[in-house]
Amino acid sequence: MLDIERIWKDFPILGHTVYDKPLVYFDNAATTQKPKEVVEKIRDNYYNVNANIHRGVHFLSQAATEAHEEARREVQRFLNARHAHEIIFTRGTTEAINLIASSFTDACMSPGDEVIISEMEHHSNIVPWQIQAARKGIALKVIPITEKGELSLETYRNLFSERTRLVSVAHVSNVLGTINPVKEIIEIAHQHNVPVLLDGAQAVPHTKVDVQDLDVEFYAFSAHKIYGPTGIGVLYGKEEWLDKLPPYQGGGEMIATVTFGKTVFNELPFKFEAGTPDYIGSTALAEALRYVNRLGIEEIAAYEHELLRYATERIKTIHPIRIFGEAPHKSGVLSFLLGDIHHYDTGMLLDHMGIAVRTGHHCAQPLMKALGVEGTVRASFAFYNTKAEIDTFIAGLERVQSMFKPK
Ligand code: PMP
């Protein structure tokens, strides 16, 4: 069982007030708050271990290099990757997907080849492929969603053709909360000899991810969504695939030798890490992962599941309410509309009650189109949230509703 009172002491921001109301932070799918350990790690690194890493012969550079490489090993253990060099540090999920879109298309795709994505993708798993479609003439095939907000696996099976080269889908939807049946999705792709990229931005903070067990080729996530710092993320790739792909960017760190005639690229993982890496961010991310490990990802998942169950039960007492995403396997994301009250109005009024939710299209405009709405209100939970906060939120929604009742 999680000790929420103790956990709150680790996150000073949770005790803040906004507009003189206690903050209720339900925008965790956008970004999470950071425990003291993570912030302290950043401060400590700058004060005590700051020097540019790799190639430095001096003490500080070697200490910083060792801390960065240990952070890579922490991520490796967290994802259960086979090798540390299968962990590439990127700026985030977005850059990780762009890296694969660019390098994979260059190495493995010809005009007319196809990538399968889904209707519930974040723009960061749509637009990079469209850019490649314009550059290289590749085509996108889209798995539709069902009424409940699940992927239609029947249609998915039928999307494969001779030209399918990659499947790239979200592990967990940032709007619907749906936890996709990724093992099955991967198995089906493998029956066609097609590799899979999973966008794990909304999955790693809430469910156990084991890349070997999934047998997934590529996996992307962002540190800031798992209680770590902004500006850093991870691309996991199976060694044999990363070896096949060309670098995404050129510069320092990613080379073995350079002459004006020819450059030999560095080995993994450095081939994909051009320029000075975020060695402060990597160690802070490792600290965040250690924090999550101490609580236990299974305990976190069970607690958040109970929060979602409670919030869903309570929100259904409000009429009229429309909930978007009612898959049986969901993470702690609740997207809804309160009657015909505009999502911005709901969000702004809740804000004045101290309640932070997200409104709009959530970087998933094609999904909004499929749902037939312009946007939704989204409450998203983390392990530091409580049922008492959900009660405040529900009372807030009732107030919003009463403000819009005809007098
Ligand atoms: N994919 C999903 C499912 C997301 O929720 C997000 C962030 N909202 C991203 C990708 C992009 O993450 P980042 O902005 O950290 O690169």
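Computed from a predicted model, the values in this text were never measured in an experiment.

**Describing the site of the ligand**
With respect to spatial proximity, the complete set of residues near the ligand consists of Thr93, Thr94, His122, Ser124, Asn174, Asp199, Ala201, Gln202, Ser222, His224 and Lys225. The contact in question runs from an oxygen atom of the ligand to an N or O atom on the side chain of Ser222, over 2.7 Å. Its free accessible area being 400 Å², the ligand has 85% of it covered by the protein chains. More than half of the atoms belonging to the ligand lie within 2 Å of the grid points that define the largest pocket.

**Thoughts on the domain arrangement of the chain**
Many analyses report the size of an interface as the accessible area lost when the parts associate. Parsing the chain into structural domains produces domain 1 (4-26 + 296-403) and domain 2 (39-293). For domain 1 and domain 2, the distance between their C-alpha centroids amounts to 28 Å. Listed per partner, the contact involves 34 residues of domain 1 and 25 residues of domain 2. The contact between domain 1 and domain 2 buries some 2400 Å² in all, and 63% of this surface belongs to carbon and sulfur atoms. Our count for the contact surface shared by domain 1 and domain 2 stands at 0 salt bridges. Where domain 1 packs against domain 2, one counts 14 residue pairs in polar contact (both at pLDDT 80 or more). When residues of the side of domain 1 that touches domain 2 are traced back to their parent elements, those giving at least two are helix H1 (4-10), helix H11 (297-315), strand E14 (333-338) and helix H13 (365-371). Split by residue class, the side of domain 1 that touches domain 2 holds 20 nonpolar, 8 polar and 6 charged.

**A closer look at the nonpolar core**
Counting residues in each nonpolar core, the largest one holds 96 residues, and the members touching the most others are Leu79, Tyr156, Val167, Tyr219, Phe383 and Phe393. No fewer than three residues from each of domain 1 (4-26 + 296-403) and domain 2 (39-293) sit in this core. Ignoring sequence-local partners within four residues, the contact set of Phe383 consists of Leu2, Ile4, Ile7, Phe11, Tyr227, Tyr291, Leu295, Ile300, Tyr303 and Glu304. Formed by 23 residues, the second largest nonpolar core is a distinct cluster that contains Ala101, Trp129, Ala220 and Leu245.

**Some remarks on the sheet that holds strand E6 (residues 139-143)**
If you walk across this open sheet you meet the 7 strands as E4-E10-E9-E8-E7-E5-E6, and the pairing is mixed. Edge positions in the open sheet fall to strand E4 (87-90) and E6, since each of these has one partner strand only. In this sheet, neighbouring strand axes are inclined to one another by 20° on average, regardless of whether the strands run parallel or antiparallel. As defined by bridge partners, strand E5 (residues 114-118) adjoins E6 across 5 bridges and the pair is classed as parallel. Bridge assignment links Ser118 to a residue of E6, and that residue is Ile143. This element, helix H3 (residues 59-79), spans E4, strand E9 (218-222) and strand E10 (233-237) of the sheet and lies at about 115° to E4.

**So, helix H7 (residues 182-191)**
Within the span of H7, buried status applies to Val182, Ile185, Ile186, Ile188 and Ala189. Here the buried residues of H7 occupy an arc of 160° about the axis, which is enough to place them on one side. Taken together, the buried residues of H7 touch helix H6 (153-159), strand E7 (164-170), strand E8 (196-199) and helix H8 (211-214).

**Observations regarding the pairing of E8**
Side chains Val196 and Leu198 project from E8 onto one buried face, and the interleaved Leu197 and Asp199 project onto a second face that is buried too. Relative to E8, E7 runs parallel, the two being bridged by 4 bridges. Residue pairing across strands places Val169 opposite Leu198, the latter belonging to E8. Handedness of the crossover is the feature at issue here: the chain leaves E7, passes through H7, returns alongside E8, and the resulting connection is right-handed. Summarising the sheet, E8 and E9 pair through 3 bridges and their orientation is parallel. Pairing of Leu197 across the sheet is with Phe218, part of E9.

**Points about the sheet that holds strand E17 (residues 376-380)**
In spatial order, the strands read E13-E14-E17-E16; together these 4 strands make up an open sheet with antiparallel pairing. The sheet is open, and its two edges are formed by strand E13 (321-324) and strand E16 (358-360), each paired on a single side. Here the average twist between neighbouring strands, direction ignored, is 30°. In the sheet, E16 pairs with E17 via 3 bridges, with the strands oriented antiparallel. Residue Gly360 lies in a different strand from E17, and its bridge partner there is Thr376. Running over the sheet, H11 touches E13 and E14 and is turned about 10° from E14.

How each quantity is defined
Residues numbered from 1 in each chain as written. Predicted model: local features only at pLDDT ≥ 70, side-chain atom pairs only at ≥ 80, totals over all residues. Heavy atoms only, no water. Near = heavy atom within 4 Å. Polar contact = N/O pair within 3.5 Å; in protein donor to acceptor, adjacent residues only side chain to side chain. Areas by Shrake-Rupley, 256 points an atom, 1.4 Å probe, with all protein chains shown as cover. 1 Å grid on protein atoms, 1.4 Å probe; cavity = no way out; pocket = protein on both sides within 12 Å on 5 of 7 lines; lining within 4 Å. Sits in = over half its atoms within 2 Å of the grid points. Domains from an automatic or database assignment. Contact = heavy atoms within 4.5 Å. Buried area = accessible area lost by both parts, 1.4 Å probe. Salt bridge = Lys/Arg side-chain N within 4 Å of Asp/Glu carboxyl O. Helix = DSSP H or I, 4+ residues; strand = E, 2+ residues; numbered from the N terminus. Nonpolar A, V, L, I, M, F, W, Y, C, P; charged D, E, K, R; others polar. Core = buried A, V, L, I, M, F, W, Y, C linked by side-chain atoms within 4.5 Å. Buried < 20%, exposed > 50% of the residue type's maximum accessible area, 1.4 Å probe, protein only. Pairing = 2+ DSSP bridges. Axes fitted to C-alpha atoms, helices over the stretch in contact; angles between N-to-C directions. Arc of directions from axis to C-beta. Right-handed = clockwise from strand over helix to strand, strands pointing away.

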